[in-house]
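Commentary on secondary and tertiary structure
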Amino acid sequence: MISDQEHFQHIYNQYKVLVFNVALHYLQNSEDAEEITQDVFIQVHNSIATFNEKSSLKTWIYRIAINKSLDFIKHKNSSKRFFIFGKKSNNQLEIKNLSTFEHPGIVLQNKENAAILFNAINSLSENQKTAFILSKLDGLSNPEISEVMNISISAVESLVFRAKKALQEQLENKFEEYRKK
C-alpha cells in the first residue's frame, strides 16, 4: 500500500512539466510559471481527497493550472492599472518591468516576433485564448479540450477557429512574411 505522500509525489512527478508548460504559455515568464506550478500542486495536495473523478486527474489538474494562470494574469493586470493610476514607485526596475517578455524556449533574435505573437494571443478572450493554447501550443485534441474546458466539441472548434481568425487579422500587418498576397 502506498502512502498519501508517495501518491502525491507520483502525481507531482507525472504532471509537473505539463503544469509548468501550461502556466508558461499563459504567462510567458518562467519565474511566474514556477510560482503557478507551486500554487497548483498546493491546491492539488489540499484537494486530492475531494477529487470526485467525474473527469480524469489530468483534466482536473489542467483546469486548476488554467484557472490559476488566468487568476494570476487578472491580478497582475489590476496591479498594473493601480500602478498607472495611483501607486508610485521609486524602483526604476519595477517601472521598466511592467511589460516584459520572457520565454526560455525563444531564441534572442526571435524574441521580438514571439513577443508580438504572444501579445496577440493575450488579447484574445479568455475562452479563445484557452482553446487556442490547449490546441496549438499544448497539442490537445478537441475532445480533450472539450473535457478540460467543460464545453462541447463544436464550441471548442468554434473558439479555435475564431482565435485563429482574430490572430490572423492582428498579425497580418505585423509580419510581412505572413501577409496575404
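Notes on the structure follow.

Procedures and definitions
Residues numbered from 1 in each chain as written. Predicted model: local features only at pLDDT ≥ 70, side-chain atom pairs only at ≥ 80, totals over all residues. Heavy atoms only, no water. Helix = DSSP H or I, 4+ residues; strand = E, 2+ residues; numbered from the N terminus. Expected span 1.5 Å × (residues − 1). Buried < 20%, exposed > 50% of the residue type's maximum accessible area, 1.4 Å probe, protein only. Arc of directions from axis to C-beta. Contact = heavy atoms within 4.5 Å. Salt bridge = Lys/Arg side-chain N within 4 Å of Asp/Glu carboxyl O. Core = buried A, V, L, I, M, F, W, Y, C linked by side-chain atoms within 4.5 Å. Axes fitted to C-alpha atoms, helices over the stretch in contact; angles between N-to-C directions. Parallel < 35°, antiparallel > 145°, perpendicular 65-115°, else oblique. Nonpolar A, V, L, I, M, F, W, Y, C, P; charged D, E, K, R; others polar.

Since the α-helix turns once every 3.6 residues, residues separated by three or four places project in the same direction. The terminal C-alpha atoms of helix 8 (residues 153-171) lie 27 Å apart, and with 19 residues this matches the ideal 27 Å at 1.5 Å per residue to within 8%. Buried within helix 8 we find Val 156, Leu 159, Val 160, Ala 163, Leu 167 and Leu 171. Down the axis, helix 8 shows its buried residues gathered within 95° of arc, on one side only.

What follows deals with the environment of Lys 129. As for its position among the elements, Lys 129 is in helix 6 (residues 126-137). Sequence separation of Lys 129 and Lys 164 is 35 residues, and the distance between their C-alpha atoms is 9.8 Å. In contact with Lys 129, not counting residues within four places along its chain, are Tyr 26, Ile 73, Ile 121, Asn 122 and Leu 124.

As a further point, take the pattern of salt bridges. Close approach of charged atoms allows side chains with opposite charge to pair. The full count for this structure, using the stated rule, is 2 salt bridges. In this structure, Lys 74 engages Glu 126 in a salt bridge whose closest nitrogen and oxygen atoms are separated by 3.3 Å. On the criterion of sequence distance, the pair formed by Lys 74 in helix 3 (residues 57-85) and Glu 126 in helix 6 is long-range, its members being 52 residues apart. Given a relative accessible area of 44%, Lys 74 falls into the partly exposed group. A salt bridge links Glu 169 to Lys 165; the shortest N-O distance between them is 3.6 Å. Linking Glu 169 with Lys 165, this pair stays in helix 8, spanning 4 residues, or about one helical turn. A relative accessible area of 42% means that Lys 165 is categorised as partly exposed.

In this structure, Tyr 26, Val 40, Val 44, Ile 61, Tyr 62, Ile 66 and Leu 134 are the most contacted members of the largest nonpolar core, which totals 43 residues. Of all the elements in the fold, those that place two or more residues in this core are helix 1 (4-27), helix 2 (30-47), helix 3, helix 5 (111-122), helix 6, helix 7 (142-149) and helix 8. Per-element tally for this core: the top contributor is helix 1, with 10 residues. The contact partners of Val 44, leaving out residues within four places of it in the chain, are Phe 8, Ile 11, Trp 60, Ile 61 and Ile 64.

For the pair helix 7 and helix 8, interaxial distance at closest approach is 8 Å and the crossing angle is 100°. Judged by the angle between their axes, helix 7 and helix 8 are roughly perpendicular. On helix 8, the residues touching Asn 142, Pro 143, Ile 145, Ser 146 and Met 149 of helix 7 are Ile 153, Val 156, Glu 157 and Leu 159. For the contact of helix 7 with helix 8, the class distribution of residues is 6 nonpolar, 2 polar and 1 charged.

Along the chain, the position of Ser 69 falls in helix 3. Note on Ser 69: relative accessible area 0%, which makes it buried. Those residues in contact with Ser 69 that sit more than four places away from it in its chain are Ala 23, Tyr 26, Leu 27 and Ile 36.

This part is about the side chain of Thr 130. Here Thr 130 shows up in helix 6. The exposure class of Thr 130 is buried, given its relative accessible area of 4%.

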